[in-house]
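Summary of the model geometry
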Amino acid sequence: MDKIVIATHNPAKKERFGQLLSMIVKAVLSLDDLGIKEKPFESGETAEDNAGIKARFYADKTGLPVLSEDEALYLDFLPQESQPGVHVRRIGGRDEVDDDRLLAYWQEIVSRVPDKKRTGRWHIAYCLATPEGKVKTASLDHPIVFFSPPSRIRVPGWPISSLQGPIGFNKPHSELTDSERRAHNQKADELIKEKLKELLA
């Protein structure tokens, strides 16, 4: 494949996927590279739905193959009807809330759960769409553990990182050292790379 568009305006995400796809694709572009500011309405109820909506929208816009991703959060200690899923930023199905309110809401829930049951997963969906209408989707689960009280280290725009972290580090994501973060990302990248190979096969 000569070119592929990553459905993002984030330069770090473009660089990351550029590295993951370097052996498969000649050029990786972002939405900013193409001057695209429009975005679709993500009406899906699953990560797969929303990844597909984005990939098809931008494939139509660019006339190029597009890779998109979307995520959903699932907590093992909550019933199905209470799962945040793709609505991580919402409380009770209402409008999105700010970092402080979101963290306080989930902190209260996690604090009532016994330590050994504070587990969950990030469910990540990847979708490849072409201008010709072909669509392929692949998904990954990344297991996580929750902590109470949360870390005092906050990441603006990602309050949940103070409350949860990847399995194996015994600390919230916001407290990972640079070397721990690299080790975690390297392991995740290997899994993602295999999924991307499936999509581009």
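Up top is the structure these notes are about.
Bear in mind that the values here come from a model prediction, so they are computed numbers and not experimental data.

Some words on the overall build of the protein
- The helix and strand tally for the protein stands at four helices and six strands.
- Scanning the protein from its N terminus toward the C terminus, one meets helices and strands in the order β-α-β-α-β-α-β-β-β-α.
- Principal-axis analysis of the C-alpha atoms places the extent of the protein at approximately 50 × 40 × 25 Å.
- Considering the protein as a whole, with its 201 residues, one finds that 45% of them fall into the buried category.
- Taking the contacts inside the protein whose residues are at least 6 apart along the sequence as the reference set, 55% of them involve residues at least 24 apart.
- One finds the centroid of the 30 positive side-chain charges in the protein at a distance of 2 Å from the centroid of its 31 negative side-chain charges.

Quick word on the nonpolar core
- F17, L21 and L67 are the most contacted members of the largest nonpolar core, which has 34 residues in total.
- Mapped onto this core, the elements with two or more residues apiece are β1 (3-6), α1 (11-20), β3 (66-75), α3 (99-111), β4 (119-129), β5 (135-146) and α4 (178-200).
- The greatest single-element share of this core, amounting to five residues, is contributed by α3.
- Among all residues touching L67, those that are not within four sequence positions of it are I4, V5, I6, A7, F17, L21, Y126, C127, L128, L196 and L199.
- In this structure, I36, Y58, V66 and A129 belong to the second largest nonpolar core, which totals 18 residues.

Here we look at the sheet that holds strand β6 (residues 164-166)
- Judged by pairing direction, the sheet is mixed, and its six strands sit side by side in the order β2-β1-β3-β4-β5-β6 without closing on themselves. Among the strands making up the open sheet, the edge pair consists of β2 (27-30) and β6. Taking the axes of each pair of neighbouring strands and ignoring which way they run, one obtains an average angle of 35° across the sheet.
- With 10 bridges connecting them, β3 and β4 associate as antiparallel partners. Directly across from D70, in β4, lies its bridge partner A125.
- Running over the sheet, α1 touches β1, β2, β3 and β4 and is turned about 160° from β2.

Things to note about the pattern of salt bridges
- Counting across every chain of the model gives 15 salt bridges.
- Taking the shortest distance from any N to any O, the salt bridge between K14 and D33 comes out at 2.9 Å. Here K14 is found in helix α1, whereas its partner D33 is found in the loop between β2 and α2 (47-62), with 19 residues between them in sequence.
- D33 sits in the partly exposed class, given a relative accessible area of 42%.

Quick word on the environment of I4
- With respect to the helices and strands, the residue I4 is situated in strand β1.
- Between the C-alpha atoms of I4 and G168, which are 164 residues apart in sequence, the distance is 34 Å.
- When sequence neighbours within four positions are dropped, the list of residues in contact with I4 reads L21, V25, A27, V28, L29, P65, L67, L128 and L200.

Describing unusual backbone geometry
- In this structure, P149 follows S148 across a cis peptide bond, with omega equal to 0°.
- At N170, a position not held by glycine, the phi torsion is positive, near 55°.
- Note on N170: relative accessible area 68%, which makes it exposed.

Let's talk about the environment of D98
- Looking at the element boundaries, D98 is found in the loop between β3 and α3.
- Between the C-alpha atoms of D98 and G157, which are 59 residues apart in sequence, the distance is 8.5 Å.
- Within polar-contact distance, the side chain of D98 engages the backbone nitrogen of R101 at 2.9 Å.

Here we look at the packing of aromatic side chains
- Taken as a whole, this structure holds four aromatic pairs when the rule is applied.
- Ring centres of F17 and Y126 lie 6.4 Å apart, and the angle between their planes is 65°; on these two criteria the pair is classed as edge-to-face. Residue F17 is found in helix α1, and its partner Y126 is found in strand β4; the two are separated by 109 residues along the sequence. Each of the two residues, F17 as well as Y126, counts as buried.
- Measuring from ring centre to ring centre gives 5.7 Å for F77 and F146, while their planes differ by 85°; the resulting arrangement is edge-to-face. Here F77, found in the loop between β3 and α3, pairs with F146, found in strand β5; they are 69 residues apart in sequence, far enough to count as distant. One exposure class covers both F77 and F146, and it is buried.

Basis of the calculations
- Residues numbered from 1 in each chain as written.
- Predicted model: local features only at pLDDT ≥ 70, side-chain atom pairs only at ≥ 80, totals over all residues.
- Heavy atoms only, no water.
- Helix = DSSP H or I, 4+ residues; strand = E, 2+ residues; numbered from the N terminus.
- Buried < 20%, exposed > 50% of the residue type's maximum accessible area, 1.4 Å probe, protein only.
- Contact = heavy atoms within 4.5 Å.
- Lys, Arg positive; Asp, Glu negative; His and termini not counted.
- Charge placed at Lys NZ, Arg CZ, Asp CG, Glu CD.
- Core = buried A, V, L, I, M, F, W, Y, C linked by side-chain atoms within 4.5 Å.
- Pairing = 2+ DSSP bridges.
- Axes fitted to C-alpha atoms, helices over the stretch in contact; angles between N-to-C directions.
- Salt bridge = Lys/Arg side-chain N within 4 Å of Asp/Glu carboxyl O.
- Polar contact = N/O pair within 3.5 Å; in protein donor to acceptor, adjacent residues only side chain to side chain.
- Phe/Tyr/Trp six-rings, centres within 6.5 Å; stacked < 30°, edge-to-face > 60°.

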